[in-house]
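Observations on the three-dimensional arrangement
The chain contents come next:
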Amino acid sequence: MMNLRVLFKGLGLILSLALFGYLFKSSDLGNAVNEAWVDAHIRGHGVEGTLLFLAMGALFTAVGLPRQIIAFLAGYAFGLLPGTLLGALAALLGCMTTFLYARFFGRSLLRDRLGKRAARFDQFIHDHPFSMTLLIRLLPVGSNVLTNLAAGISSARMAPFLAASFIGFLPQTLVFALVGSGINVAPTLRIGAAAVLFLFSGVLGAYLYHRHRHGLSIDDKVDTALGETEQP
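All of the points below concern the structure found in this document. (Residues numbered from 1 in each chain as written. Predicted model: local features only at pLDDT ≥ 70, side-chain atom pairs only at ≥ 80, totals over all residues. Heavy atoms only, no water.)

1. Structural notes on the environment of Leu 139
Tracing the sequence through the fold places Leu 139 in the loop between α7 (129-138) and α8 (144-153). The exposure class assigned to Leu 139 is buried, which follows from its relative accessible area of 4%. (Helix = DSSP H or I, 4+ residues; strand = E, 2+ residues; numbered from the N terminus. Buried < 20%, exposed > 50% of the residue type's maximum accessible area, 1.4 Å probe, protein only.)

Dropping the structure here:
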């Protein structure tokens, strides 16, 4: 059975981001930040604002900022559906940046630290690279940036890895874009819906991992969090 702390941690992130968004909108400091960045550079700035957001989101997710925060900001800046797509695209660009860095520049630096993880990643996705990468992305646990780095120093092909990653990013991006877009319109309803969707996607990801991993493991900590560790 999946560790309930995983779900509570995700729900806590949803509620904390909703509180942050409320303070961001209502406080003087929040309004100043809003004026200085989102409204001044993103909203109403067309293609230029969109590209700036994608560049910012790609950079931050590439260096390890949680993609859920980028999804929240995307929902706040662009609304639910455009924010979901742009938030997922920003995460994908960050994923690709980290992947390419590891593949072309960081292999010698990362091999000692992530060599074992990369080998397990190779074994996990070897037979079905697209579907198994998608499965990894649907999990409610695990490190996004470490997965990208491990994939980069593994033998994983970039095209199926990125395609499956983008699709796998969409559910959680939708959840957090829903929270971000709800700061101004029906916040209670949207935050409640986001919590329900997060619980559903987390349970679904854990179920699919249990059903389709076939004895393989992407990470011991992930297995423990999802209740996959064999009991003595």
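2. Thoughts on the packing of helix α3 (residues 46-62) against helix α5 (residues 80-104)
Two elements in contact, α3 and α5, have axes separated by 7 Å at closest approach and are oriented at 50 degrees. As judged from the angle between their axes, α3 and α5 are oblique. Seen from above, α3 lies across α5 with right-handed handedness. In this structure, α3 uses Thr 50, Phe 53, Leu 54, Gly 57, Ala 58, Thr 61 and Ala 62 to contact α5, whose residues at the interface are Leu 86, Leu 89, Ala 90, Ala 91, Leu 93, Gly 94, Thr 97 and Thr 98. Residues that form the contact of α3 with α5 fall into these classes: nine nonpolar, six polar and no charged. (Axes fitted to C-alpha atoms, helices over the stretch in contact; angles between N-to-C directions. Parallel < 35°, antiparallel > 145°, perpendicular 65-115°, else oblique. Left-handed = near helix turned anticlockwise from the far one by under 90°. Contact = heavy atoms within 4.5 Å. Nonpolar A, V, L, I, M, F, W, Y, C, P; charged D, E, K, R; others polar.)

3. Concerning helix α9 (residues 158-181)
Every α-helix winds through 3.6 residues per turn, so residues three or four apart in the chain are directed the same way. For α9, with 24 residues, the first-to-last C-alpha span of 32 Å sits near the 34 Å given by 1.5 Å per residue. At Leu 170, α9 shows its maximal bend, which comes to roughly 35 degrees, and the proline Pro 171 appears one to four places after that position. (Expected span 1.5 Å × (residues − 1). Bend = angle between axes of the 7 residues up to and from the residue.)

4. Things to note about the nonpolar core
Grouped together as the largest cluster of nonpolar side chains are 16 residues, with contacts concentrated most on Phe 121, Phe 124, Ile 125 and Phe 161. Sequence-distant contacts of Ile 125, that is, excluding residues within four places in its chain, are made with Met 132, Thr 133, Ile 136 and Ala 156. Core analysis: the second largest hydrophobic core is formed by 12 residues, Val 38, Leu 54, Ala 74 and Phe 78 among them. (Core = buried A, V, L, I, M, F, W, Y, C linked by side-chain atoms within 4.5 Å.)

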